[in-house]
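Listed below, chain by chain, are the residues.
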Amino acid sequence: MEGVVEKEIKGGYEVRIAGGLRGFCPFSQMGLQRPGDPQDLIGQHLAFRITQYAEQGRNTILSNRSVLEEERQRQRDEQKGQLREGMKVKATIASIHSFGAFVKICSLEGLIPISEMSWDRVEDIHELMEVGQEVEVVAMKLDWEKNRLSFSIKQALPDPWSTVEKNFPQGSRHSGTVVRLMNFGAFVSLAGGVDGLLHISKLGSGRGSDIRTRRWRRASS
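Bear in mind the structure is a predicted one, so any value in this text is a computation, not a measurement. (Residues numbered from 1 in each chain as written. Predicted model: local features only at pLDDT ≥ 70, side-chain atom pairs only at ≥ 80, totals over all residues. Heavy atoms only, no water.)

**So, the side chain of Ser118**
Stage number 1. Looking at the element boundaries, Ser118 is found in the loop between β9 (108–113) and β10 (134–143).
Stage number 2. Side-chain polar atoms of Ser118 contact the backbone nitrogen of Asp120, separated by 3.0 Å.
Stage number 3. The residues contacting Ser118, other than those within four sequence positions of it, are Leu128 and Lys154. (Helix = DSSP H or I, 4+ residues; strand = E, 2+ residues; numbered from the N terminus. Polar contact = N/O pair within 3.5 Å; in protein donor to acceptor, adjacent residues only side chain to side chain. Contact = heavy atoms within 4.5 Å.)

Rendered as structure tokens:
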């Protein structure tokens, strides 16, 4: 039933429901997440389920959370029948972490691993996106039993390697950026997502056997 949140009391809220009855909704049963400021809910009309009714209504316990969880599960079941691996869908960035970003697709939440953010090497996800941003993703793996859903922005973008032979034909000359140094040579980025190895034997005369002892900058080479 619908109720009006009237005031905050010890441990939760006093709620006025149908027939002039008043009930108590614990903090833990208000919303799916506890609000930052409990006063923000005062005066709101919300849906509640009666979980305890005693003493002719004088001891009535309510839950808003159970109503929301039921609705979320209904939406999940509906989307479960529509979403398939390999599908391209719109999603909203919900949170950003060092290992990736969580996205929301209606009532569903899944992870975009940092390796699936871009065809380029990603050092700081905050440089690519922000919370609330809408992105296009491809559903990679949908494990409904364990509730682990993974998505990819990279797979929704054109594969830069599909045009490598056209854009970088053998024997052509290009500028690149040194992105990694190894004992056997340097990896050079020619374009977004397209890296190639510059072997130490191709660095020219005068280079030492250990490339790490040389002063390199991440500049055109």
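**Here we look at the nonpolar core**
Stage number 1. In this structure, Leu83, Ile112, Met117, Met129, Val137, Phe151 and Ile153 are the most contacted members of the largest nonpolar core, which totals 21 residues.
Stage number 2. Not counting the four nearest positions on each side in its chain, Leu83 is found in contact with Val89, Leu108, Ala139, Leu142, Trp144 and Phe151.
Stage number 3. The next biggest cluster of nonpolar side chains, apart from the first, holds 11 residues, and it includes Val5, Val15, Leu41 and Leu46. (Core = buried A, V, L, I, M, F, W, Y, C linked by side-chain atoms within 4.5 Å. Buried < 20%, exposed > 50% of the residue type's maximum accessible area, 1.4 Å probe, protein only.)

**Overview of the side chain of Ser150**
Stage number 1. Looking at the secondary structure, you find Ser150 in strand β11 (residues 148–152).
Stage number 2. Setting aside anything within four residues of it in sequence, one finds Ser150 in contact with Leu111, Val138, Ala139, Met140 and Lys141.

**Considerations on helix α1 (residues 65–80)**
Stage number 1. Between its terminal C-alpha atoms α1 stretches 22 Å, which fits the 22 Å expected from 16 residues at 1.5 Å a residue.
Stage number 2. Taken as a whole, α1 has its buried residues at Ser66, Arg76 and Gln79. The buried residues of α1 occupy an angular sector of 145° when projected down its axis, which confines them to one face.
Stage number 3. Considering only its buried residues, α1 is in contact with β5 (49–54), β6 (59–63), β8 (100–105) and β9. (Expected span 1.5 Å × (residues − 1). Arc of directions from axis to C-beta.)

**Details of the packing of aromatic side chains**
Stage number 1. The final tally for this structure, using the stated rule, is two aromatic pairs.
Stage number 2. Look at Tyr13 and Phe27: their rings are 5.3 Å apart centre to centre, the planes differ by 85°, and that puts the pair in the edge-to-face class. Highlighted residues: Tyr13 in strand β2 (residues 12–17) and Phe27 in the loop between β3 (22–26) and β4 (45–47), separated in sequence by 14 residues. Residue Tyr13 shares its accessibility class with Phe27, and that shared class is buried. (Phe/Tyr/Trp six-rings, centres within 6.5 Å; stacked < 30°, edge-to-face > 60°.)

**Let's talk about the environment of Ile96**
Stage number 1. Here Ile96 shows up in strand β7 (residues 88–97).
Stage number 2. You can call Ile96 buried: its relative accessible area is 15%.
Stage number 3. Placed 29 residues apart in sequence, Ile96 and Ile125 show a C-alpha to C-alpha distance of 7.3 Å.

**Some points on the environment of Val103**
Stage number 1. Counting through the fold element by element, Val103 comes out in strand β8.
Stage number 2. Since its relative accessible area comes to 0%, Val103 is described here as buried.
Stage number 3. Sequence separation of Val103 and Gln133 is 30 residues, and the distance between their C-alpha atoms is 9.5 Å.
Stage number 4. Beyond its immediate stretch of four places on either side in the chain, Val103 contacts Ala91, Thr92, Ile93, Ala94, Leu108, Glu109, Gly110, Ile112 and Phe151.

None of this, on its own, says anything about what the molecule does.
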